[in-house]
Amino acid sequence: MPVHTLFQGSLCLITLDTPPVNVIGLETRAGLVEALDAADAAGVQRIVITGAGSAFAAGSDTREFDSPPQAPHLPDILNRLERLPCIAAINGVALGGGLEIALACRMRIAAPGVALGLPEVTLGVVPGAGGTQRLPRLVGIASAAALISEGRRVSAEEALRMGLVDAIDADPVAAAKALPEAALADILPASARPAPGADPEAIAAARARADKRAKGQIAPQVALDLVAASAELPLPEGLAQERALFLDLRRGPQARALRHVFFAERAAMARAKRFSMLPRDLKTAVVVGGGTMGAGIAYALDGIGLAVTLVETGAEAAARAEANLARLFDGAVKRGKASPEAATAGKARIAVVTGYDALPAADIAIEAVFEDLAVKRQVFAALDAALPETAILATNTSYLDVNEIFAGTRAPERCLGLHFFSPAHVMKLLEIIRAETTSDETLASAFALAAKLRKIAVEAGVCDGFIGNRILTRYRQICDVMLIEGALPWQVDAAMLGFGMAMGPYAVQDLSGLDIAYANRQRKNLRNAQGLRYIPVADRMVEDLGRLGHKTGAGWYDYGEGAPTPGAGVQALIEAASREAGITRRAFDAEEIRQRALTAMIDEGLRILDEGIARRAADIDLVLLHGYGFPRWRGGPMCEADRIGLPVLRDRIATYAKADPLSWSVPPLLQRLAEEGRSLADLDHEGG
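Definitions and limits used
- Residues numbered from 1 in each chain as written.
- Predicted model: local features only at pLDDT ≥ 70, side-chain atom pairs only at ≥ 80, totals over all residues.
- Heavy atoms only, no water.
- Helix = DSSP H or I, 4+ residues; strand = E, 2+ residues; numbered from the N terminus.
- Buried < 20%, exposed > 50% of the residue type's maximum accessible area, 1.4 Å probe, protein only.
- Contact = heavy atoms within 4.5 Å.
- Areas by Shrake-Rupley, 256 points an atom, 1.4 Å probe, with all protein chains shown as cover.
- Lys, Arg positive; Asp, Glu negative; His and termini not counted.
- Charge placed at Lys NZ, Arg CZ, Asp CG, Glu CD.
- Pairing = 2+ DSSP bridges.
- Axes fitted to C-alpha atoms, helices over the stretch in contact; angles between N-to-C directions.
- Disulfide = S-S within 2.5 Å.
- Parallel < 35°, antiparallel > 145°, perpendicular 65-115°, else oblique.
- Left-handed = near helix turned anticlockwise from the far one by under 90°.
- Core = buried A, V, L, I, M, F, W, Y, C linked by side-chain atoms within 4.5 Å.
- Nonpolar A, V, L, I, M, F, W, Y, C, P; charged D, E, K, R; others polar.
- Arc of directions from axis to C-beta.
- Salt bridge = Lys/Arg side-chain N within 4 Å of Asp/Glu carboxyl O.
- Expected span 1.5 Å × (residues − 1).
- Phe/Tyr/Trp six-rings, centres within 6.5 Å; stacked < 30°, edge-to-face > 60°.
- Lys NZ or Arg CZ within 6 Å of the ring centre and 35° of its normal.

Enquirer: Explain the overall build of the protein here, please?
Expert: Helix and strand counts for the protein stand at 30 helices and 20 strands. Each principal axis of the C-alpha distribution contributes one length, and for the protein these read about 85 × 65 × 55 Å. When the 688 residues of the protein are sorted by exposure, 55% land in the buried category. Of the contacts formed within the protein by residues at least 6 apart in sequence, a portion of 72% connects residues at least 24 apart. Accessible area for the protein stands at about 28,100 Å²; split by element, carbon and sulfur atoms hold 55% of it. The centroid of the 73 positive side-chain charges in the protein is displaced by 1 Å from the centroid of its 82 negative side-chain charges.

Enquirer: I'm lost on the sheet that holds strand 9 (residues 153-155) in this one. Help?
Expert: Neighbouring strands of a sheet are bound in pairs by backbone hydrogen bonds; such pairs are parallel or else antiparallel. Pairing in this open sheet of four strands is mixed, and the strands run 4-6-8-9 from one edge to the other. With partners counted over all chains shown, the strands left at the sheet margins are strand 4 (55-57) and strand 9, one partner each. Going from strand to strand, the sheet's axes swing by 20 degrees on average, the running direction of each strand aside. As defined by bridge partners, strand 4 adjoins strand 6 (residues 93-95) across two bridges and the pair is classed as parallel.

Enquirer: Would you mind showing me how to read unusual backbone geometry here?
Expert: For residues that are not glycine, phi is negative in most cases, and the peptide bond is trans in most cases. Cis peptide bonds are those with omega within 30 degrees of zero, and the linkage from P19 to P20 qualifies with 5 degrees. Locating P20 in the fold gives a position in the loop between strand 2 (11-16) and helix 1 (26-42). For the bond running from A71 to P72, omega is 0 degrees, close enough to zero to count as cis. Phi is positive for N22, which is not a glycine, with a value near 60 degrees. Summarising the element assignment, N22 is placed in the loop between strand 2 and helix 1.

Enquirer: Before we go on, may I ask you to explain the environment of M107 in this structure?
Expert: Structurally, M107 can be placed in strand 7 (residues 107-110). The spatial distance from the C-alpha of M107 to the C-alpha of D166 is 6.4 Å, given a sequence separation of 59 residues. M107 has contacts with C86, I87, A88, D166, L179, L184 and I187, leaving out every residue within four places of it along the chain.

Enquirer: Would you mind showing me how to read the state of the cysteines here?
Expert: Think of a disulfide as a covalent bridge from one cysteine sulfur atom to another cysteine sulfur atom. As enumerated under the stated definition, the model contains zero disulfides in all. Of all cysteine sulfurs, the one in C415 lies closest to C463, which takes part in no disulfide; the gap is 19 Å. C479 carries a free sulfur, and the closest cysteine sulfur to it, the one in C463, is 20 Å from it. Assessed through its relative accessible area of 0%, C479 is described here as buried.

Enquirer: Would you mind showing me how to read the packing of helix 5 (residues 141-150) against helix 10 (residues 219-229) here?
Expert: For any two helices packed against each other, the geometry is given by the interaxial angle and the distance between the axes. Following both chains from N to C, one finds helix 5 and helix 10 inclined at 155 degrees, their axes separated by 9 Å at the closest point. Judged on the interaxial angle alone, helix 10 and helix 5 are roughly antiparallel. Relative to helix 10, helix 5 is oriented so that their crossing is right-handed. Between helix 5 and helix 10, the residues in contact are I141, A144, A145, I148 and S149 and P220, A223, L224 and V227, respectively.

Enquirer: Help me understand the nonpolar core, please; the structure alone is not making it clear to me.
Expert: Inside soluble globular proteins, nonpolar side chains tend to come together where they are buried. Membership of the largest hydrophobic core comes to 98 residues, with the highest contact counts inside it found for L383, I467, M496, W556, I620 and L680. Judged by nonpolar contacts, the second largest core, of 66 residues, contains L32, A94, A104 and V227.

Enquirer: Got a minute to help me understand the packing of helix 4 (residues 131-139) against helix 10 in this structure?
Expert: Their axes nearest at 8 Å, the elements helix 4 and helix 10 cross at an angle of 50 degrees. Regarding the angle of helix 4 to helix 10, the classification is oblique. Of the two possible hands of crossing, helix 4 and helix 10 adopt the one that is right-handed. Where helix 4 abuts helix 10, its residues T132, Q133 and P136 lie against L226, V227 and A229. A breakdown of the residues in the contact of helix 4 with helix 10 according to their chemical character gives four nonpolar, two polar and no charged.

Enquirer: Teacher, can you tell me more about the sheet that holds strand 10 (residues 167-168) here?
Expert: In spatial order, the strands read 1-2-3-5-7-10; together these six strands make up an open sheet with mixed pairing. Across the chains shown, the open sheet's two edge strands, defined by having one partner strand only, are strand 1 (3-8) and strand 10. As paired strands, strand 2 and strand 3 (residues 46-51) are joined by six bridges and run parallel to one another. Bridge assignment links L11 to a residue of strand 3, and that residue is R46.

Enquirer: What's the story with helix 2 (residues 74-81) in this structure? I'm lost.
Expert: Because an α-helix packs 3.6 residues into every turn, residues spaced three or four apart end up facing the same way. Here helix 2 has its buried residues at L74, P75, I77, L78 and L81. When helix 2 is viewed along its axis, its buried side chains cluster within an angular range of 160 degrees and face the same direction. Considering only its buried residues, helix 2 is in contact with helix 1, strand 3, strand 5 (86-90), helix 3 (97-104), helix 4 and helix 11 (235-250).

Enquirer: Looking at this structure, I do not really get the pattern of salt bridges. What am I missing?
Expert: Pairs can form between side chains of opposite charge once their charged atoms are near each other. Tallied over the full model, the rule gives 53 salt bridges. We note a salt bridge from D464 to R523, for which the minimum N-O separation is 3.0 Å. Of this pair, D464 sits in the loop between strand 18 (456-460) and helix 19 (468-485) while R523 sits in helix 22 (residues 514-524); the two residues are 59 residues apart in sequence, bridging distant segments of the chain. A relative accessible area of 31% places D464 in the partly exposed class. The partner of E686 in a salt bridge is R678, and the shortest N-O contact between them spans 2.5 Å. For R678, a relative accessible area of 26% puts it in the partly exposed group. Overlapping salt bridges bring together R470, R474, D603, E604, R607 and E611 as one network.

Enquirer: I tried to follow helix 12 (residues 253-269) on my own but got confused; where do I start?
Expert: Given a rise of 1.5 Å per residue, 17 residues ought to cover 24 Å, and the 24 Å separating the end C-alpha atoms of helix 12 matches this to within 8%. Taken together, the buried positions of helix 12 are occupied by Q254, A255, A257, L258, R259, V261, A264, E265 and A268.

Enquirer: Would you mind showing me how to read the packing of aromatic side chains here?
Expert: Aromatic ring pairs: the centre-centre distance and the angle between the two ring planes describe each pair. Inspection of every chain in the model, using the stated rule, returns 11 aromatic pairs. Taken together, W490, Y557 and Y559 form an aromatic cluster joined through their ring pairs. Directly above the aromatic system of Y656 lies the positively charged group of R596, at a separation of 4.4 Å from the ring centroid. The cationic tip of R634 hangs over the ring face of F499; the distance from NZ or CZ to the ring centre is 4.0 Å.

Enquirer: Sorry if this is basic, but what is going on with the environment of A38 here?
Expert: Along the polypeptide, A38 turns up in helix 1. A relative accessible area of 29% places A38 in the partly exposed class. Along the sequence, A38 and A202 sit 164 residues apart, while their C-alpha atoms lie 43 Å from each other.

Here you go:
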């Protein structure tokens with residue numbers, strides 16, 4: 001039963017029980033109605049609502065959001081609940097609809113440390129059962145605006161300070177039962193409290209924060225409209241307006257995209273459970289390379305309790321590695337994430353050594369050296385000789401063939417790629433690259449490590465660039481095609497910022513260094529590649545102009561005191577390349593730039609999926625969202641493909657291919673799915 005009712009004299013204890021976190025679906029709502037009917041019939045003088053297990057209620061069942069609402073509706077239940085002498089005994093997490101149940105109660109008693117919040121905006125909607133109207137009446141406009149528009153969680157202690165809960169007790173159910181009748185009678189429900197005072201300055205500040213944190217998203221601003229309205233509207237009108245806007249947003253493309261991401265992330269977090277072998281318990285680690293990436297990996301591993309040894313080639317390199325680690329620990333102190341004493345202890349914990357002669361018998365070794373096949377093979381030959389055969393060997397390569405990197409290594413089943421993203425201790429994405437020989441135990445151990453690191457792990461097969469960098473390469477190639485046909489870098493960047501990308505492709509190249517992508521193109525010999533439209537502009541930026549990006553103060557942009565400006569000589573170089581290719585340049589508007597760039601990502605994603613490099617379309621979305629700044633509220637390129645429609649995309653790419661057959665062709669998977677009337681979501685559901 002999703003709702004249990006227990007009568008104890010004049011008291012009715014209602015317990016929500018839909019494990020593991022007591023989500024509120026149709027059956028729970030129906031159970032609440034039955035419980036309230038029974039309490040009414042029994043004439044009880046007090047109702048206590050709590051949750052089974054370690055949660056009060058973690059929100060509504062979002063699986064219902066793609067279907068029309070079904071009665072009984074939570075707002076109607078809570079309007080009834082608010083008229084009753086009810087206490088919320090918040091024994092565990094109370095989020096979304098769960099917190100809205102508590103807000104409708106006359107009193108709220110929380111266990112120490114429990115998390116409370118209204119995170120609906122993170123799913124593209126607003127609270128739909130009174131959150132935007134009742135919360136301001138309890139805590140005021142400023143606190144409610146911040147909490148709701150940011151989807152932020154607060155602890156019970158912070159909730160007590162702001163007035164969200166009335167008391168904290170280690171046993172909230174016992175405390176609710178023991179509360180004197182007079183004390184309960186003195187507490188007014190939100191409906192009986194006066195409207196909060198208007199606070200336009202707090203609303204304006206919250207709008208500015210929301211625009212910065214969630215640029216392009218609709219729900220945070222709509223939520224703030226509703227919070228502001230709570231100061232002006234009678235409660236029934238405010239509740240009706242809230243419900244209408246909730247239902248409208250729930251049907252919208254942003255909410256659908258954000259739900260897609262929510263379920264994709266949950267599936268990714270559960271992926272380790274599909275392996276037949278249990279993960280190994282990793283306690284000791286070796287990291288080879290103490291540059292920015294290696295130091296970040298070592299710092300992250302230390303943060304989850306692994307004993308870490310960092311290997312460098314000599315004394316000078318070891319000193320640089322120690323300095324890189326020190327900056328990370330000192331930065332944590334500056335951000336208030338660690339005490340000076342903890343930072344000092346952390347610096348001492350990570351051993352920095354030179355060479356491979358005295359390494360501990362580590363459980364895992366992760367290489368993070370220069371992107372060169374020969375160098376990496378030398379590293380793993382040394383690790384293979386220095387460590388036991390049981391040690392997992394992982395390469396952090398961004399592009400190279402992991403099968404070649406590990407060729408000749410003993411026990412190849414323990415070898416795989418772990419592609420971290422920089423900065424490794426911050427970025428949530430981890431591409432787990434399965435080599436031809438990688439065992440299930442090794443993969444399971446990698447996923448378990450990712451979970452401890454609180455990263456989104458996506459499994460990928462072996463190809464040049466795996467999932468993310470392969471799509472990035474294609475994206476940049478089509479942007480370069482637009483350059484030579486008439487666009488300019490700053491126009492492309494502005495268009496993609498308008499789409500919602502965190503940065504434009506040319507600003508990103510300047511940040512990472514134009515020499516990095518240049519070296520990769522030289523490795524692949526794109527200048528002489530067959531069946532590919534080679535665009536020379538990016539190579540000439542390095543070879544002719546020596547512009548390498550931020551590191552030299554000059555790339556696609558010039559970097560000085562103020563904001564970046566279009567790079568000197570860049571437009572002339574692009575126009576010269578167009579003339580040499582016999583191309584008459586034309587104007588590109590922002591919409592055409594966005595459409596072509598997005599279609600390139602989708603095109604490559606479809607090929608990656610068809611080749612089995614990615615297991616699910618949703619995995620591709622997670623890679624682009626968490627590693628490459630794709631806007632979360634758009635759901636990822638494959639989610640966008642379904643939104644656009646696969647037949648539309650097939651026809652669009654066919655049109656592009658007629659004009660530029662070297663750059664475009666219809667992916668076979670797209671052709672098949674369009675003909676069959678199936679979507680990428682269908683494909684993921686069929687694959688499980």
